[in-house]
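In case you want the letters, here they are:
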Amino acid sequence: MQIVLAPMEGVVDAPMRRLQAAVGGPDAMVTEFVRVTEHLLPPKVFHRLVPELQQERCGYGEIPLTVQLLGSNPETLGMNAVRAIELGAPAIDLNFGCPAKTVNKSMGGAIMLKRPETVFAAVKGVRDAVATEYPVSGKMRLGYEDKTLALENAKAIEEGGATYLTVHARTKVEGYKPPAHWEWIARIRESVNIPVVANGEIWTPEDYFKCREVSGCERIMIGRGLIANPFLVEQIRDPDAPRDTAVNWQRLQPHLIEFFEDVRATIEERHVHGRIKQWLTMLGWHFPQAKELFQLLRTERDAQGVEAILRDSLNT
Ligand SMILES: Cc1cc2nc3c(=O)[nH]c(=O)nc-3n(C[C@H](O)[C@H](O)[C@H](O)COP(=O)(O)O)c2cc1C
């Protein structure tokens, strides 16, 4: 069993990764994407998005943190992958799923799935540049508008030399709307000879086991489900773990304060309230208590004010 925390730009940053390691402990994590265009990026760009590179090991204890790159130029992707490895990344992942217009306009992310040869070239560019002991992987959606090229893109990632492949089981056009098509992950898994990590729409232990059954994959990546309920990994691993939201809300409180302090130390003061509200909104998908807390600080824009409300309502 292996559970991977999904990369999520603007959500799974260093404070969230630290929290996830402290609470639930996924087996591996992937950073938000680092955008690669025509240049070798300076170390400060990597350090800003992945401050963990400055630790002795890039990750949390036994949890490695893979650095994700997004781009389509095989040469600059390769150069930047080498830089990330030199800075301490244990592995490189390539993003073939980002739906953002700005990224797709410059031939990056999900749009590459329209042309499997570009996917192949990107993976090969990185695989050829990086020493063989470092894993290189690709993360794809099922396609852009439709799924007709899904198997071809998976093959392109394999033939480019990837160590494994993650499949977010939706097309770009399907966005984040349920369902995720886990049966398509099974088709892809059967068509390639590298391990496949299944991803999409896992919110409960029951979803997790169903996804494993349908996809046939042993490694599962979870995004929003883990942000909404950081105890999900624990609940998957231990059928006796508490499920009661009142109990778990209590258990989460010290972590909420720690997260606030961590965010405050990391980003500009004026952005702190937004980041806290963002997580509370997502926590509210699982915890009714988070919705109530959100209402209390909805209009507060000052970090100090947010802190006062947090501490007051959480009794810390
Ligand atoms: C806000 C947000 C940001 C995301 N950023 C990234 C990213 O930087 N790289 C990436 O490969 N996928 C990104 N994704 C996609 C997730 O990694 C994942 O594939 C998707 O959310 C489906 O998994 P889930 O249903 O468990 O959330 C992002 C998704 C969301 C909602």
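Definitions and cut-offs
Residues numbered from 1 in each chain as written. Predicted model: local features only at pLDDT ≥ 70, side-chain atom pairs only at ≥ 80, totals over all residues. Heavy atoms only, no water. Helix = DSSP H or I, 4+ residues; strand = E, 2+ residues; numbered from the N terminus. Expected span 1.5 Å × (residues − 1). Buried < 20%, exposed > 50% of the residue type's maximum accessible area, 1.4 Å probe, protein only. Contact = heavy atoms within 4.5 Å. Polar contact = N/O pair within 3.5 Å; in protein donor to acceptor, adjacent residues only side chain to side chain. Core = buried A, V, L, I, M, F, W, Y, C linked by side-chain atoms within 4.5 Å. Near = heavy atom within 4 Å. Areas by Shrake-Rupley, 256 points an atom, 1.4 Å probe, with all protein chains shown as cover. Nonpolar A, V, L, I, M, F, W, Y, C, P; charged D, E, K, R; others polar. Axes fitted to C-alpha atoms, helices over the stretch in contact; angles between N-to-C directions. Parallel < 35°, antiparallel > 145°, perpendicular 65-115°, else oblique. Left-handed = near helix turned anticlockwise from the far one by under 90°.

Q: Before we move on, could you go through helix α3 (residues 74–87) and cite the residues and values that matter?
A: Taking 1.5 Å as the rise per residue, α3 with 14 residues should run 20 Å; its terminal C-alpha atoms sit 20 Å apart, in good agreement. Turning to α3, its buried residues number three or more, namely Thr76, Leu77, Gly78, Asn80, Ala81, Ala84 and Ile85. Looking at the packing, one finds that the buried side of α3 touches α2 (43–49), β4 (63–70), β5 (92–96) and α5 (116–129). Where α3 begins, the side chain of Asn73 points an oxygen toward the backbone nitrogen of Glu75, at a separation of 2.9 Å. Looking one or two places after α3, you find Gly88, whose phi comes out positive at around 125°.

Q: So, the environment of Val123: which residues are in play, and what are the values?
A: Within the element layout of this structure, Val123 appears in helix α5. Through-space distance from the C-alpha of Val123 to that of Ile202 is 27 Å; in sequence the pair is 79 residues apart. With near-sequence residues (within four places) excluded, Val123 lies in contact with Leu94, Phe96, Ile157, Gly160, Gly161 and Ala162.

Q: Give a detailed account of the nonpolar core, specifying residues and quantitative values.
A: The tendency in soluble globular proteins is for nonpolar side chains to be buried side by side. Counting 91 residues, the largest nonpolar core has Leu69, Ile92, Phe96, Trp249 and Leu280 as the members making the most contacts within it. Examining the composition of this core, we find that seven residues originate from one element, helix α11 (residues 245–266), more than from any other. Among the nonpolar cores identified, the runner-up in size contains seven residues, and Val4, Ala6, Tyr164 and Val197 belong to it.

Q: Talk me through the site of the ligand; I want residue IDs and the actual numbers.
A: Around the ligand, the structure places 19 residues, and the nearest of them are Pro7, Gln68, Asn199, Glu201 and Arg224. Within the side chain of His168, one N or O atom sits 3.4 Å away from an oxygen atom of the ligand. Separating an oxygen atom of the ligand from a backbone N or O atom of Gly223 is a distance of 2.8 Å. For the ligand, whose accessible area on its own is 610 Å², the fraction buried by protein is 88%. Elements with a contribution of two residues or more to the shell around the ligand: β2 (28–35) and β7 (164–171). Class assignment of the residues belonging to the shell around the ligand gives a composition of seven nonpolar, six polar and six charged.

Q: An account of α5 is requested, with residue identities and associated values reported.
A: Helix length check: α5 (14 residues) gives 20 Å between terminal C-alpha atoms against 20 Å at 1.5 Å per residue, within 8%. Listed in full, the buried residues belonging to α5 are Pro116, Thr118, Val119, Ala122, Val123, Gly125, Val126 and Arg127. Its buried side turned inward, α5 meets α3, β5, β6 (136–143) and α6 (150–159).

Q: Residues and numbers for the packing of α6 against helix α7 (residues 182–191), please.
A: As a packed pair, α6 and α7 sit with axes 10 Å apart at the nearest point and diverge in direction by 45°. Of the possible angle classes, the one that applies to α6 and α7 is oblique. Relative to α7, the crossing made by α6 is right-handed. Across the interface between the two elements, Ala150, Leu151, Ala154, Lys155 and Glu158 from α6 touch Trp184, Arg187, Ile188 and Ser191 from α7. Taken together, the residues that form the contact of α6 with α7 break down as five nonpolar, one polar and three charged.

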